[in-house]
Amino acid sequence: MTTDVSPSLDGLLAGTNPTVRATLDALGRLLTGTGAARPTADSFASRRLGAPLHLLAAQSVKLTASTEITLAGVLATRIHEHAAETGPGEDDEPPRWRTVEIDHSALSVPVALSAFFPRGTLADADVVVRIAEQVTSDRLEIRVFAAAEDHAVASGVAKSFVRDAHGAGNFLRGRVLAASYDYALRFDVTTLQARGRDSLVLPDEVWRELDAAVAAVTTRAEILRELGLATRRGILLAGPPGVGKTAASWLLAAELVGAFTVIVVDESAGGARLRDVYAEAAELGPTVVLLDDIDLYVGSRTRGTSGSSLAALLDVLDGAVEHDDILTIATTNDPSALDSAATRSARFDTIVELGYPTRAASAQILASILSPVAPSVDFVAALAIVDGPLSGADVRAIAQRAVIDHGTDLDEAKIRSVVEQGRWKTSELTGQYL
């Protein structure tokens, strides 16, 4: 006796492009007579609301990078509260969900589905709510369908979703968001490492400028508004690699998170969608925008390296894109690589140059790391052998190498030996490699 192990139609079409799959699937079912075609997003709405799609009322809400998450979260909550029946959101594809990590918990939000809410749940009429990709872009939209005579109901439901997402349903406000770009701007919830100011050795004047920038959007914001002055601030930290520019900007942002939403913008988002990042502030409230290594994507017209991101940066710093109550902190290793238009007064309000720390400051950094295991070491003497500047990153590399080589059995001689041998340095590659 033999067993039929021929693959099913679904098995044969698994992994095929959805459009091709739907076409071949429908053709196969038509030719073989193996049952009706699977329901589509349109047929789901038509069947639940008792009319062809073109006779239904529809209200659309186009979503942004942040509202794709918050409005989808509101929809997920409503589906759960009312045990709503769900169906396809795109063609005949099954519902799709995305996982968002919030406070170490996984939250599932819909990406493409339709949900049927009977009269008496969301509204005084039957409605179908669909979330799916817009036809003309890579962004999502929510569409609310109702019978033609219930067009006001569809509009009311759509407005209630927006209202809830702006209010208690906006779980992104006050958090740290990583902004990236891959066909569309995307936000992911992330965290900033909690570090105190004592972990970063910087000159007092640097801290004063950073605190002045913070005051413009916090303690001095109200009086600035009363005087008709902007409550936005831009600060540029410039200096060689490893001197603490990124650490300072992240530390400052970590102090403000909660009262402010923090957006960490990577090169892809900064280069392609900077205006959109700032436009999100309308949804996210007071905001800190971190633009690390801004010279990588802004460039300079005199060097022939500028692109659309320069124009976007000038717009947002000038206020052409509304963004009051926003603190922008940017960093660069090479301020000369930036267009002069970006660094003139009133765009970046303050430009702070961070140089290499003094030898005493370097010793202080080393002490802050190694004092718990080497409390009696004279760290100034341990570093006296160094010829040339040391960045904060160099000092951390020395500390790391000392612990790797000697564990907690550290004294001044061993640290001096580590410094003298120089194995903490990154060596330049030479020769040819396959």
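Provided above is the structure to which this section pertains.
What this report covers is the structure whose coordinates are included nearby.

Conventions adopted
- Residues numbered from 1 in each chain as written.
- Predicted model: local features only at pLDDT ≥ 70, side-chain atom pairs only at ≥ 80, totals over all residues.
- Heavy atoms only, no water.
- 1 Å grid on protein atoms, 1.4 Å probe; cavity = no way out; pocket = protein on both sides within 12 Å on 5 of 7 lines; lining within 4 Å.
- Points joined across faces, edges and corners; volume = space filled by probe spheres on them.
- Helix = DSSP H or I, 4+ residues; strand = E, 2+ residues; numbered from the N terminus.
- Nonpolar A, V, L, I, M, F, W, Y, C, P; charged D, E, K, R; others polar.
- Pairing = 2+ DSSP bridges.
- Axes fitted to C-alpha atoms, helices over the stretch in contact; angles between N-to-C directions.
- Patch = residues over 30% accessible without salt bridge, like charges linked within 9 Å, V, L, I, M, F, W, Y side chains within 5 Å.
- Areas by Shrake-Rupley, 256 points an atom, 1.4 Å probe, with all protein chains shown as cover.
- Salt bridge = Lys/Arg side-chain N within 4 Å of Asp/Glu carboxyl O.
- Expected span 1.5 Å × (residues − 1).
- Buried < 20%, exposed > 50% of the residue type's maximum accessible area, 1.4 Å probe, protein only.
- Arc of directions from axis to C-beta.
- Contact = heavy atoms within 4.5 Å.
- Core = buried A, V, L, I, M, F, W, Y, C linked by side-chain atoms within 4.5 Å.
- Polar contact = N/O pair within 3.5 Å; in protein donor to acceptor, adjacent residues only side chain to side chain.

If you walk through the whole model with that rule in mind, you get one cavity of 30 Å³ or more. Taken as a whole, the largest cavity spans an internal volume of roughly 40 Å³. Lining the largest cavity are Ser-249, Trp-250, Val-264, Leu-290, Leu-291, Asp-292, Ile-329 and Thr-331. Listing elements by their share of the lining of the largest cavity, those giving two or more residues are α8 (245-256), β11 (287-291) and β12 (326-332). Within the lining of the largest cavity, the residues separate by chemical class into five nonpolar, two polar and one charged.

Phi is positive for Tyr-183, close to 75 degrees, though the residue is something other than glycine. Phi at Asp-293 is positive, roughly 50 degrees, even though this residue is not glycine. Examined against the element boundaries, Asp-293 turns out to sit in the loop between β11 and α12 (308-318).

With that settled, the discussion passes to the pairing of strand β3 (residues 96-102). Where β3 meets strand β4 (residues 105-117), seven bridges bridge the pair, whose relative direction is antiparallel. From the neighbouring strand, Glu-101 faces β4, where its bridge partner is Ala-106. Hairpin connection of β3 to β4: two residues between the antiparallel strands, including Asp-103 at a positive phi of 50 degrees.

So, about the sheet that holds β11. With respect to topology, seven strands assemble into an open sheet ordered β8-β7-β10-β11-β12-β9-β13, the strand pairing being mixed. Strands at the two margins of the open sheet, each flanked by one partner only, are β8 (185-190) and β13 (350-353). Between one strand axis and the next, the sheet turns through 20 degrees on average, direction left out of account. Note: strand β9 (residues 233-238) against β12, six bridges, orientation parallel. Among the inter-strand pairings, Leu-236 is bridged to a residue of β12, identified as Ala-330.

Taken together, the side chains of Ile-223, Leu-227 and Leu-229 define a hydrophobic patch exposed on the protein surface, amounting to about 290 Å² of accessible area. Take Leu-227: it is sitting in the loop between α7 (221-226) and β9.

For the rest of this paragraph, the subject is helix α16 (residues 392-406). Between its terminal C-alpha atoms α16 stretches 21 Å, which fits the 21 Å expected from 15 residues at 1.5 Å a residue. By the burial criterion, the buried members of α16 are Gly-392, Val-395, Ile-398, Ala-399 and Ala-402. Viewed along the axis of α16, the buried residues span an arc of 115 degrees, placing them on a single side of the element. Of the residues in α16, the exposed ones pointing more than 90 degrees away from the buried face are Gln-400 and Ile-404. Contacts from the buried residues of α16 go to α14 (359-370) and α17 (412-421). Taken from the residues just after α16, Gly-407 is the one with a positive phi, measuring 65 degrees.

Turning our attention to helix α5 (residues 151-166). What sets the pattern is the α-helix's 3.6 residues per turn: residues three or four places apart point alike. The first and last C-alpha atoms of α5 sit 23 Å apart over 16 residues, in line with the 22 Å expected at 1.5 Å per residue. Those residues of α5 not exposed but buried are Ala-154, Ser-155, Val-157, Ala-158, Ser-160, Phe-161 and Ala-165. Its buried side turned inward, α5 meets β1 (57-62), α4 (67-82), β5 (127-133) and β6 (140-146).

A separate point is the pattern of salt bridges. Under the criterion given, the structure shown has 17 salt bridges. Where salt bridges share partners, they join Arg-78, Glu-81 and Asp-164 into one cluster.

In this section: the layout of surface pockets. Roughly 510 Å³ of volume is contained in the largest pocket. Going through the elements one at a time, α8, α14 and α16 are the ones with two or more residues in the lining of the largest pocket. Examining the composition of the lining of the largest pocket, we find that four residues originate from one element, α14, more than from any other. Residues belonging to the lining of the largest pocket are distributed by class as follows: 15 nonpolar, nine polar and six charged. Quantified by volume, the second largest pocket comes out at close to 340 Å³. If you trace the second largest pocket, you find 21 residues lining it, with Glu-68, Arg-98, Asp-138, Arg-139 and Arg-186 closest to the centre. Where the lining of the second largest pocket is concerned, the elements lending two or more residues are α4, β3, β4 and β8.

Our next topic: the nonpolar core. Grouped together as the largest cluster of nonpolar side chains are 60 residues, with contacts concentrated most on Phe-187, Leu-291, Ile-294 and Leu-313. If near-sequence neighbours (up to four positions away) are discounted, Ile-294 is found in contact with Leu-236, Leu-313, Ala-330, Thr-331, Thr-332, Leu-338 and Phe-348. The next biggest cluster of nonpolar side chains, apart from the first, holds 27 residues, and it includes Leu-202, Val-214, Leu-251 and Leu-290.

Relative to the helices and strands, Asn-170 resides in the loop between α5 and β7 (176-181). In terms of polar contacts, Asn-170 uses its side chain to reach the backbone carbonyl oxygen of Glu-283, at 2.9 Å. Among residues more than four places away in sequence, those in contact with Asn-170 are Thr-70, Asp-164, Ala-165, Glu-283 and Leu-284.

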